[in-house]
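Examination of the molecular architecture
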Amino acid sequence: MGETIETEARFASAVRADAPPAIVLEGVNKWFGALHVLRDVNLSVANGERVVVCGPSGSGKSTLIRCINRLEQHQEGKIMVDGIELSDDLRSLDAIRREVGMVFQSFNLFPHLTILENCTLAPIWVRRMPKKDAEDLAMEYLTRVRIPEQAKKYPGQLSGGQQQRVAIARALCMKPKIMLFDEPTSALDPEMIKEVLDTMVMLAETGMTMICVTHEMGFARQVADRVVFMDRGEIVESGEPEALFSDPKTDRLKLFLSQILRGH
Amino acid sequence: MSDITLNTAAANVPEAVRRAPPVATTGLVAWARMNLFSNWVSTAVTLALGYLVIRWTIGFIDWAFLNAIWSVPSVNGQSQTQACREIKGVGACWAVITEKHRFILFGTYPYEEHWRPLLVCILFVGLYIVSAMRRFWTWHLIPIWAVTLTVIGILMWGGSGVLGWMVESWTGRVLVLLLLAILVGVATGRLHPALLTPHAMFATMILGAQLGLPFVPQERWGGLPITLILSTFGLAFAFPLAILVALGRRSRLPAIKTLCVLYVELIRGVPLISLLFMASVMFPLFLPEGMNIDKLLRAQVAITLFAGAYLAEVVRAGLQTLPRGQYEAADALGLSYWNKTGLIILPQALRLVIPPLVNTFIGFFKDTSLVLIIGIFDLLTAGKTSIVEPAWQGFGIEVYVFVGALYLVFCFAMSKYSQDLERELNQHRRR
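Counting residues at the interface gives 36 residues for chain A and 25 residues for chain B. For the chain A and chain B pair, buried surface summed over both sides reaches about 2600 Å², with 61% attributable to carbon and sulfur atoms. Broken down residue by residue, the surface that chain A buries against chain B is led by Arg97, Phe110 and His112 of chain A, which jointly contribute 22%. Remark: the boundary between chain A and chain B carries 1 salt bridge. We note a salt bridge from Arg66 of chain A to Glu328 of chain B, for which the minimum N-O separation is 2.5 Å. Those elements that place two or more of their residues in the side of chain A that touches chain B are strand 6 (100–103), helix 4 (115–125), helix 6 (160–172) and helix 7 (190–205) of chain A.

As structure tokens, this is what we get:
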């Protein structure tokens with residue numbers, strides 16, 4: 001699976017270093033009860049940057065990206081998204097969620113709505129877009145993820161890979177500036193992983209700011225500007241994918257890489 | 001990229017010959033052999049039960065139809081029921097229904113005005129049928145319900161001088177101005193046409209007053225209209241209340257949550273009978289001197305609150321079943337709380353609980369008969385009262401079969417409708 005991607009050429013970075021950063025995390029801490037799941041996390045993601053977050057399970061990577069659109073609340077530190085600070089203020093939260101799209105491990109499509117309705121729901125109700133325009137937009141993105149012919153079906157009638165591509169299209173219909181991927185391929189059968197990764201690569205080519213939690217190292221090599229390795233709630237190492245994978249500095253990353261590679 | 005048909009390797013392999021299932025396992029005879037006569041025990045049970053069913057059916061047909069008496073002569077307004085008494089136990093005396101059906105259906109409502117409650121029942125049934133059709137599931141239902149219920153009120157009470165009140169009293173004049181303002185708003189396209197509902201209601205009232213129907217006080221209402229009024233209003237108000245309470249119970253705001261928990265637990269912890277007693281006996285004690293809310297309304301409120309608590313728990317069960325991912329996906333898309341609840345959460349949660357919801361609906365339809373203990377004449381009470389007269393004493397079975405059949409018609413319709421609705425709304429779960 002990974003090999004096909006690795007053989008393709010890496011494409012140029014779309015990082016716009018001159019623009020203000022898309023996401024800034026400063027000294028972010030979070031606890032689940034007594035469990036310290038994020039420890040002093042500092043991370044700055046530039047506009048157009050593609051960051052892959054990896055690490056063993058329970059290392060806090062999902063919690064990290066779920067804090068960015070406040071599906072989880074951080075308890076200490078500061079998170080700025082697109083220049084707006086995340087706080088209890090509902091208005092700023094709405095503004096942020098409009099700009100940040102998210103794709104989940106378990107797809108989370110709305111099973112009672114058709115594929116098309118899944119995609120038009122948020123543009124119509126949040127962006128106040130006329131229904132016709134929202135449908136045109138949805139069809140455009142469904143075509144881009146290569147499933148326009150499924151528009152009238154219900155999510156339950158689609159395969160896992162197709163559902164995840166719909167989930168990506170649904171998030172894109174809100175025209176977000178930032179996309180978060182929370183292990184998008186972990187719930188998929190092996191033969192469906194590629195179709196989802198291909199879609200994500202295509203998205204990366206458009207210069208979208210992306211943060212992906214994933215174990216797909218081939219994908220990381222091909223598209224990531226930076227790989228962030230997390231363990232036990234902290235960022236242990238980060239850097240360009242080639243450098244990080246070929247020359248790990250810490251034992252924890254070495255151990256993780258050896259486990260990942262053994263698994264493949 | 002092709003869509004997921006990666007296992008194309010088997011395409012060139014000739015397909016195995018499809019065979020029909022063995023003949024002996026399909027068809028009526030095979031089914032009977034498999035399920036009814038598979039061994040000597042089940043054969044014996046089948047024969048024994050078959051005998052009982054046939055005997056009972058024949059017995060019932062004999063009693064209810066062949067030996068039944070459909071009418072009895074009447075002398076000086078007194079029914080002569082000797083013929084009925086002679087065949088008691090052998091044949092049914094449907095004469096009691098022939099004689100008393102109008103009392104059972106409409107209670108003590110003035111006899112010559114019976115067409116009014118009859119029309120009310122027909123309107124209720126029409127309202128149910130219209131509301132059941134998905135074609136009408138738009139905002140049009142709101143004015144349809146409001147106007148129909150207004151018509152029902154006019155028919156039951158008789159006309160009232162609402163026009164005079166609107167012109168002469170200050171509150172009436174303010175109301176007229178308000179209605180005019182809304183009318184202008186709708187005409188200029190600034191307000192939703194559903195807001196014209198009160199206009200339609202007042203227009204109906206003014207027109208209804210022209211009919212000059214004599215006034216019938218609530219004490220004289222009875223029978224089927226009472227049952228339909230109590231259950232329709234009760235459930236129509238209890239259902240939205242239940243949804244709000246169920247949502248409130250899951251709220252993160254402690255005050256709202258506590259209030260909803262208290263409401264559900266307090267109401268649920270008390271029998272409906274005691275709630276009705278409280279409404280009819282205790283509640284008036286708290287009211288200031290001279291102020292009196294009528295008994296039917298108080299019973300109505302008690303039933304609504306009671307049904308609300310039960311339905312709230314059913315709805316909450318549905319909310320509980322939804323995976324957290326649905327909430328998170330809606331949040332991540334930036335949907336507001338009410339959009340999320342109205343478009344994502346409730347449509348799914350309510351579909352899941354259609355069977356227990358209808359279960360509760362049917363239960364409350366029948367529970368309205370408990371109002372007999374505070375002296376309201378519903379269908380069952382009217383039936384019971386109809387056989388108090390000495391001539392008809394002892395013909396309870398016939399009356400209760402009749403009343404039971406009426407309840408059955410409504411409950412079975414609800415149950416059948418819910419099955420269809422479930423099938424239709426859960427299409428997305430079929431592949």
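Once that is clear, we can look at the sheet that holds strand 9 (residues 226–231) of chain A. Residues and elements named next belong to chain A. Taken in spatial order, the 6 strands line up as 6-7-8-3-9-10 in an open sheet, and their pairing is mixed. Each edge of the sheet is formed by a strand with only one pairing partner; in this case those strands are strand 6 and strand 10 (234–239). In this sheet, neighbouring strand axes are inclined to one another by 20° on average, regardless of whether the strands run parallel or antiparallel. As paired elements, strand 3 (residues 50–54) and strand 9 share 4 bridges and run parallel to each other.

The subject of this paragraph is unusual backbone geometry. Phi is mostly negative for residues that are not glycine, and the peptide bonds are mostly trans. Residue and element names in this part refer to chain A. One non-glycine residue, Arg146, lies in positive phi territory at about 65°. Among the structural elements, Arg146 can be located in the loop between helix 5 (131–144) and helix 6. According to the relative accessible area criterion, Arg146 is partly exposed, its value standing at 35%. We note that Glu183 has phi near 45°; this positive angle belongs to a residue other than glycine. Checked against the element boundaries, Glu183 lands in the loop between strand 7 (178–182) and helix 7.

Another aspect to go through is the pattern of salt bridges. Inspection of every chain in the model, using the stated rule, returns 28 salt bridges over all chains. Residue Asp82 of chain A is joined to Lys177 of chain A by a salt bridge in which the shortest nitrogen-to-oxygen separation is 3.0 Å. On the criterion of sequence distance, the pair formed by Asp82 of chain A in the loop between strand 4 (76–81) and strand 5 (84–85) and Lys177 of chain A in the loop between helix 6 and strand 7 is long-range, its members being 95 residues apart. Beyond isolated ion pairs, a larger network of salt bridges with shared partners links Arg249, Glu265, Arg268, Glu313 and Arg316 of chain B.

Our next topic: the packing of helix 10 (residues 224–249) of chain B against helix 13 (residues 295–321) of chain B. Residue and element names in this part refer to chain B. As a packed pair, helix 10 and helix 13 sit with axes 6 Å apart at the nearest point and diverge in direction by 45°. The pairing of helix 10 with helix 13 is recorded here as oblique in orientation. Crossing handedness for the pair helix 10 and helix 13: right-handed. A per-class count over the contact of helix 10 with helix 13 returns 22 nonpolar, 4 polar and 3 charged.

All names here are of chain B. Looking at the element boundaries, Ser415 is found in helix 18 (residues 396–425). A relative accessible area of 22% places Ser415 in the partly exposed class. For Ser415 and Phe361, which are 54 residues apart along the polypeptide, the C-alpha to C-alpha distance reads 9.5 Å. Look past the residues within four positions of Ser415 in its chain and what remains in contact with it is Val358 and Ile362.

Turning to the state of the cysteines, a few remarks are in order. Two cysteines, two sulfur atoms, one covalent bond between them: this is a disulfide. Here the structure, examined in full by the defined rule, presents 1 disulfide over all chains. For Cys84 of chain B, the disulfide goes to Cys93 of chain B, at an S-S distance of 2.0 Å. Across the S-S bond linking Cys84 of chain B and Cys93 of chain B, the dihedral sits near 70°, which makes this disulfide right-handed. Accessibility classification places Cys84 of chain B together with Cys93 of chain B in one group, the buried group. Summary of cysteine pairing: Cys54 of chain A is not part of a disulfide, and the nearest cysteine sulfur, belonging to Cys212 of chain A, is at 11 Å. Taking the relative accessible area as the measure of exposure, Cys54 of chain A reaches 0% and is therefore buried.

Turning our eyes to something else, we now look at the pairing of strand 10 of chain A. Residues and elements named next belong to chain A. The sheet contact formed by strand 9 and strand 10 spans 5 bridges and is antiparallel. Across the sheet, the residue bridging to Met230 is Ile235, located in strand 10. Linking two consecutive strands that pair antiparallel, namely strand 9 and strand 10, is a turn of 2 residues; a positive phi of about 45° is found at Arg232 within it.

Residue and element names in this part refer to chain A. A sheet is described by the order of its strands in space; here 4 strands give the open sequence 2-1-4-5, paired in antiparallel fashion. The sheet is open, and its two edges are formed by strand 2 (35–45) and strand 5, each paired on a single side. Sheet analysis places strand 4 next to strand 5, joined by 2 bridges and oriented antiparallel. Within strand 5, the position partnered with Val81 by the bridge is Ile84.

Rules of the game
Residues numbered from 1 in each chain as written. Chains lettered and ligands numbered in written order. Predicted model: local features only at pLDDT ≥ 70, side-chain atom pairs only at ≥ 80, totals over all residues. Heavy atoms only, no water. Contact = heavy atoms within 4.5 Å. Buried area = accessible area lost by both parts, 1.4 Å probe. Salt bridge = Lys/Arg side-chain N within 4 Å of Asp/Glu carboxyl O. Helix = DSSP H or I, 4+ residues; strand = E, 2+ residues; numbered from the N terminus. Pairing = 2+ DSSP bridges. Axes fitted to C-alpha atoms, helices over the stretch in contact; angles between N-to-C directions. Buried < 20%, exposed > 50% of the residue type's maximum accessible area, 1.4 Å probe, protein only. Parallel < 35°, antiparallel > 145°, perpendicular 65-115°, else oblique. Left-handed = near helix turned anticlockwise from the far one by under 90°. Nonpolar A, V, L, I, M, F, W, Y, C, P; charged D, E, K, R; others polar. Disulfide = S-S within 2.5 Å.

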